[in-house]
Amino acid sequence: MYSPPHDPATTHRMRTQHDHAARTLGITVGNDDAFWGWEGRTLGRAGTTTDSRHVWLRLTTAPEAKATGKLWEGNETAQKAFGTLSGHRPALLTIHDWTEDGTAYRAELNEHLDTPVISSDPILRTPATLFTDWWTDLRTALDAVVATETDRVAVRQEYIERALPEFLGLPAPENILWATAHGDLHWANLTAPGLRILDWEGWGLAPYGYDQATLYAYSLLEPATADRVRAIFPQLGTPATWAGEAVIVAELLQTISRGHNQDLAEPLHAWAGHLRNHAPQRP
């Protein structure tokens, strides 16, 4: 969850449009819990249907000309591809689209969570007490994601070819093993004690191991949890996941270069050094 937009006009516009969506869909929403996305691009609030069903109403916005493609359609296509993922993904119930003054809006009505997110921050900053069954459920869910065929792309080959030389000082590997991934697997997108995996808008193909490496990266400030991630996903640290690990390290080093995630800098640079020492040999 991010802070509300700095621009009061954006805050007012998003709240007004969210209220419009709620009225259109017959949902009563509260004013206490407002969950904002990056720079006010999304706004989510809990609500209740006319038959007293608890739901979550999420509003996404974009310029009308850009209201298409991977991120715009991600939750909709994830619902078609995965359903509820054996109960570990909140079901998407309905979608309502409209435009106003050159801006597009998409309201997505989802099942309401019965369990809280593990962290309000993608980075885990306090110990996480998670049962063995939770870890097993996570591994099983990600195995099901990997087994799902798609032509959606979460990580572009072009990005890999540009980012690895820039942030790791290494060329992109020639033969990458691609697999379907959630694409944003961090601690603010996971719930406990019951596992739910949230925010599927960016799912698609990524180098194998990308999701697992992403969760490990966001666990680096809590070594015990980081070790648990390594234990539940033993493929990490093998040649098969080298590209997936290298991509998330490059992505986060890029955010550090822009002034974000500074507390991850030291462990990420250490991880980058390990990856350089174990880089696949090019013929």
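The structure we're discussing is the one just above.
Residues numbered from 1 in each chain as written. Predicted model: local features only at pLDDT ≥ 70, side-chain atom pairs only at ≥ 80, totals over all residues. Heavy atoms only, no water.

### Structural notes on the pairing of strand β3 (residues 54–63)
Counting buried positions along β3 yields seven of ten residues, so the element is predominantly enclosed. One ladder, built from seven bridges, connects strand β2 (residues 42–48) with β3; its direction is antiparallel. When the sheet's bridge partners are listed, Ala46 is paired in β3 with Trp56. In this antiparallel pair of consecutive strands, β2 and β3, the connection spans five residues, and Ser52 shows a positive phi of 70°. Inspection of the sheet shows β3 paired to strand β5 (residues 103–111) by nine bridges, in the antiparallel sense. Bridging across to β5, Thr60 finds its partner in Arg106. (Buried < 20%, exposed > 50% of the residue type's maximum accessible area, 1.4 Å probe, protein only. Helix = DSSP H or I, 4+ residues; strand = E, 2+ residues; numbered from the N terminus. Pairing = 2+ DSSP bridges.)

### Observations concerning the packing of aromatic side chains
The description of two aromatic rings rests on the distance between their centres and on the angle between their planes. Applying the stated criterion across every chain yields a total of eight aromatic pairs. When the centroid spacing of 5.1 Å and the interplanar angle of 45° are considered together, the rings of Phe82 and Trp200 count as tilted. Placement of the pair is Phe82 in helix α2 (residues 70–82) and Trp200 in the loop between β6 (178–181) and β7 (204–207), with a sequence separation of 118 residues. The pair formed by Phe82 and Trp200 is uniform in burial state, with each residue classed as buried. Judged by centre distance (6.3 Å) and plane angle (80°), the rings of Trp135 and Trp187 are edge-to-face. In this pair, Trp135 sits in helix α3 (residues 132–146) while Trp187 sits in the loop between β6 and β7, placing the two residues 52 residues apart along the sequence. Comparing Trp135 with Trp187, the two get one shared label, buried. Taken together through their ring pairs, the aromatic side chains of Phe82, Trp200 and Trp203 make up a single cluster. Across from the ring centre of Tyr216, 4.3 Å away, lies the NZ or CZ of Arg230, which sits over that ring. (Phe/Tyr/Trp six-rings, centres within 6.5 Å; stacked < 30°, edge-to-face > 60°. Lys NZ or Arg CZ within 6 Å of the ring centre and 35° of its normal.)

### Some thoughts on helix α8 (residues 265–277)
Residues spaced three or four apart along an α-helix point in a common direction, a consequence of the helix completing one turn every 3.6 residues. End to end, α8 covers 18 Å across 13 residues, agreeing with the expected 18 Å (1.5 Å per residue, within 8%). Where the residues of α8 are buried, they touch α5 (210–217), α6 (223–232) and α7 (242–257). (Expected span 1.5 Å × (residues − 1). Contact = heavy atoms within 4.5 Å.)

### Looking at the environment of Ser119
Turning to its location among the elements, Ser119 is positioned in the loop between β5 and α3. The exposure class of Ser119 is buried, given its relative accessible area of 12%. Along the primary structure Ser119 and Leu190 are separated by 71 residues, whereas in three dimensions their C-alpha atoms are 8.0 Å apart. Excluding its chain neighbours within four sequence positions, the residues that come into contact with Ser119 are Trp187 and Ala188.

### As for the environment of Ala34
Within the secondary structure layout, Ala34 lies in strand β1 (residues 28–36). On a C-alpha basis, the gap between Ala34 and Ser3 in space is 9.7 Å, while along the polypeptide they are 31 residues apart.

### Examining the packing of α5 against α6
Across the interface, α5 lies against α6 with an axial gap of 9 Å and an inter-helix angle of 165°. On the basis of the axis angle, α5 is roughly antiparallel to α6. Considering only the axes of α5 and α6, their crossing is left-handed. Across from Gln212, Leu215 and Tyr216 in α5, the residues of α6 making contact are Ala226, Val229 and Arg230. Of the residues belonging to the contact of α5 with α6, the class tally is four nonpolar, one polar and one charged. (Axes fitted to C-alpha atoms, helices over the stretch in contact; angles between N-to-C directions. Parallel < 35°, antiparallel > 145°, perpendicular 65-115°, else oblique. Left-handed = near helix turned anticlockwise from the far one by under 90°. Nonpolar A, V, L, I, M, F, W, Y, C, P; charged D, E, K, R; others polar.)

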